[in-house]
Amino acid sequence: MSTDLFRLTDRWSVNTSNADLKVRSSDGVEFDLHRTVLAVHTGAFPGPEIGTSGEVIELTERANVLRICFDFMYPKRHPDLDDIDDFDLLAAVAEAVGKYQIFSAINTCNTRLRLAYNLLALMPSHRRLAYVPFFPNQILVFAIKHDHRKLMEEAVPYIALSTSFTSAIRLISSSSALVAMSQYRDAWTAVFKSAIKHIRSLRSSSDSCHCHSLATANSKQYKGSPQDAICYACNCLLLTWVSHLEDIESVPILNATVQDACDKGTTTIPRMGCCSVNATGKPDSKCFHLVEVARLCQKIIRKIPPFSTFVNNKR
């Protein structure tokens, strides 16, 4: 649905015969409202500083934003935010709802933002899905500003490891949230550091470190325990795999990649394989060293607390 459907005339579909409050949007549209209705359904509008002498109250929001907000306050069918195809409008409504504490709309706005976020996370190649663009930085800033914990948890995993991390933290004014963001990111980068440390601790072997029984006659068999040593080919595979993890920009994709390595002992990195060979005598990408490192990463990941825990520790 186009945002044209949310543009207003000077008339509003509410009985204004006994209205005692008049407000004007930033683009000049006036609304006749009822102070008692607003007082019941909001926590911050109208404030005590707003008089009753009949003067027009100037608001900073545009008319299409205020119309949706006011529709949530009156005893009528509430707007369906699924019909909004403009993220800027959706974000502006959510911001106004938080600003004026419109209780009947808070959960609806948060759910709409989370739904758009989750759907696009499943299809990251699409810039639009369910008619809502994907803006993690703005969603996170909104969630932190209005202390919406679930929304924070939805947004942070797509920012903490991304190249947009620096630009995201520049938008955050809360010092405690900035510290929490940095600590959360450090917790994830520690996964990569631990993996590299483990790989470098393995003893080097000039032989293949785990050949299959069907290896070709020319292949040398390593006789020791698989955990005792690692050959050059497998070492390169592991370091390349960890480097690949560092390039992943979202926590869900990182988790899926680590889980896949735990389950299959394989990697999708082109032209990278370990020293083992399969039943046909051809190189096989399965590597128990990879499984070991992946399980180490997974163990550390499972100990990383939710982002809200980092925020709570700073308050």
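Rules of the game
- Sequence order as written defines residue numbering, which begins from 1 separately in each chain.
- Selection of residues for local features in this predicted model requires a pLDDT of at least 70, selection of side-chain atom pairs for listing and counting requires 80 or more, and totals for whole chains, interfaces and linings are taken over all residues.
- Computation of side-chain values: all heavy atoms of the structure, hydrogens and water removed.
- Secondary structure follows DSSP: runs of H or I at least 4 residues long count as helices, runs of E at least 2 residues long count as strands, and numbering of each begins at the N terminus.
- Relative accessibility decides the category of a residue: with a 1.4 Å probe and only protein chains considered, values under 20% of the type maximum give buried, values over 50% give exposed, and everything between is partly exposed.
- Only heavy atoms matter for contacts: two residues are in contact if any of them lie within 4.5 Å across the pair.
- Shrake-Rupley sampling with a 1.4 Å probe provides the accessible areas, and residues are treated as covered by the protein chains on show and by no other component.
- Lines fitted to the C-alpha atoms define the axes, with helices restricted to the stretch that makes contact. Angles between their N-to-C directions range from 0 to 180 degrees.
- Oblique is the label for every angle not falling under 35 degrees (roughly parallel), over 145 degrees (roughly antiparallel), or within 65 to 115 degrees (roughly perpendicular).
- Note: crossing handedness is left-handed where the near helix turns anticlockwise from the far helix by less than a right angle, and right-handed where it turns clockwise.
- Think of it as three bins: nonpolar holds Ala, Val, Leu, Ile, Met, Phe, Trp, Tyr, Cys and Pro, charged holds Asp, Glu, Lys and Arg, and polar takes everything else, Gly as well.
- Planes of paired rings set the category: under 30 degrees apart is stacked, over 60 is edge-to-face and the rest tilted, where pairs are Phe, Tyr or Trp rings (Trp by its six-membered ring) whose centres lie within 6.5 Å.
- Only when the NZ atom of a Lys or the CZ atom of an Arg is both within 6 Å of the ring centre and within 35 degrees of the ring normal do we say a charge sits over the ring.
- Buried Ala, Val, Leu, Ile, Met, Phe, Trp, Tyr and Cys residues that are joined via side-chain atoms within 4.5 Å together make up what is termed a nonpolar core.
- Note that the domain bounds reflect an automated or database-derived domain assignment.
- Following DSSP output, two strands are said to pair if at least two bridges run between them.
- Criterion for a salt bridge: a side-chain nitrogen of Lys or Arg within 4 Å of a carboxyl oxygen of Asp or Glu.
- Cysteine sulfur atoms that come within 2.5 Å of each other are treated as a disulfide pair.

How do you make sense of the overall build of the protein chain when you look at a structure like this?
Looking only at helices and strands, the protein chain features 12 helices and seven strands. Every one of the 315 residues in the protein chain was classed for burial, and the buried ones make up 44%. Excluding contacts between residues fewer than 6 apart, the proportion of contacts in the protein chain whose partners are at least 24 apart in sequence is 67%. When the accessible surface of the protein chain is split by element, carbon and sulfur atoms take 52% of a total near 16,600 Å².

Explain the environment of Val23 here, please?
Residue placement: Val23 occurs in strand E1 (residues 21-24). Taking the relative accessible area as the measure of exposure, Val23 reaches 0% and is therefore buried. Along the sequence, Val23 and Leu33 sit 10 residues apart, while their C-alpha atoms lie 7.7 Å from each other. Excluding residues that lie within four positions of it along the chain, Val23 makes contacts with Val29, Glu30, Phe31, Leu33, Phe45, Val56, Ile57, Leu59 and Phe70.

Looking at this structure, I do not really get the packing of helix H2 (residues 63-73) against helix H3 (residues 87-100). What am I missing?
In a packed pair of helices, the relevant descriptors are the angle between the two axes and the axis-to-axis distance. In the contact formed by H2 and H3, the axes pass within 9 Å of each other and the chain directions differ by 55°. When the axis of H2 is compared with that of H3, the two are oblique. Two packed elements cross with a definite hand, and for H2 against H3 that hand is right-handed. Residues Asn64, Val65, Ile68 and Cys69 of H2 pack against Leu89, Ala92, Val93, Ala96 and Val97 of H3. Residues belonging to the contact of H2 with H3 are distributed by class as follows: eight nonpolar, one polar and no charged.

What exactly am I supposed to notice about the packing of aromatic side chains here?
Describing an aromatic ring pair means giving the distance of the ring centres and the angle of the ring planes. Tallying each qualifying case throughout the model produces four aromatic pairs. Ring geometry for Tyr184 and Trp188: centres 6.3 Å apart, planes at 65°, overall edge-to-face. With Tyr184 and Trp188 both in helix H8 (residues 175-201) and four residues apart, this pair spans about one turn of that helix. Each of the two residues, Tyr184 as well as Trp188, counts as buried. An aromatic cluster is defined as three or more aromatic residues linked by ring pairs; in this entry it consists of Tyr184, Trp188, Phe307 and Phe310. Just above the ring of Phe165 sits the side chain of Arg185; from NZ or CZ to the centre is 4.4 Å.

I keep staring at the nonpolar core and nothing clicks. Help me out?
As a rule of thumb, nonpolar side chains are buried together in soluble globular proteins. Ranked by size, the top nonpolar core spans 83 residues in total, and within it Leu33, Phe70, Trp241 and Val258 carry the most contacts. Examining the composition of this core, we find that 10 residues originate from one element, H8, more than from any other. Residues from two domains meet in this core; each of domain 1 (21-132) and domain 2 (180-210 + 228-302) gives at least three. Not counting the four nearest positions on each side in its chain, Val258 is found in contact with Trp241, Leu245, Ala294, Cys297, Gln298 and Ile301.

Would you mind showing me how to read the side chain of Asn137 here?
By the secondary structure assignment, Asn137 is in helix H5 (residues 136-145). Classification of Asn137 as buried rests on a relative accessible area of 12%. Those residues in contact with Asn137 that sit more than four places away from it in its chain are Ile159, Ser164, Ser167, Ala168 and Leu171.

Honestly, the sheet that holds strand E3 (residues 56-58) in this entry has me stumped. Any pointers?
Two modes of strand pairing occur in sheets, parallel and antiparallel, and in both the strands are linked by backbone hydrogen bonds. Across the sheet, three strands lie side by side as E2-E1-E3; this open sheet has mixed pairing. A strand with exactly one partner marks an edge of an open sheet, and here the two such strands are strand E2 (30-33) and E3. Strand-to-strand, the axes of this sheet are offset by a mean angle of 30°, without reference to chain direction. Sheet contacts for H2: E1 and E2; angle to E2, the most-contacted strand, approximately 15°.

Any chance you could explain the pattern of salt bridges here in plain terms?
For the structure on display, the rule yields 11 salt bridges. Ionic pairing is found between Glu30 and Arg24, a salt bridge with its closest N-O pair at 2.6 Å. Where Asp71 meets Arg67, a salt bridge forms, and the shortest distance between an N and an O atom there is 3.1 Å. Placement of the pair is Asp71 and Arg67 together in helix H2, with a separation of four residues, close to one helical turn. Judged by its relative accessible area of 21%, Arg67 is partly exposed. Look at the salt bridges and you will find they share partners, linking Lys22, Arg24, Glu30, Asp32 and Glu58 into a network.

So what exactly am I meant to see when it comes to the state of the cysteines here?
Note on terminology: disulfide describes a covalent bond linking the sulfur atoms of two cysteines. Using the criterion set out here, one finds zero disulfides in the structure. The thiol sulfur of Cys69 is not disulfide-bonded, and the nearest other cysteine sulfur, from Cys109, lies at 7.2 Å. By relative accessible area, which is 1% here, Cys69 ends up buried.

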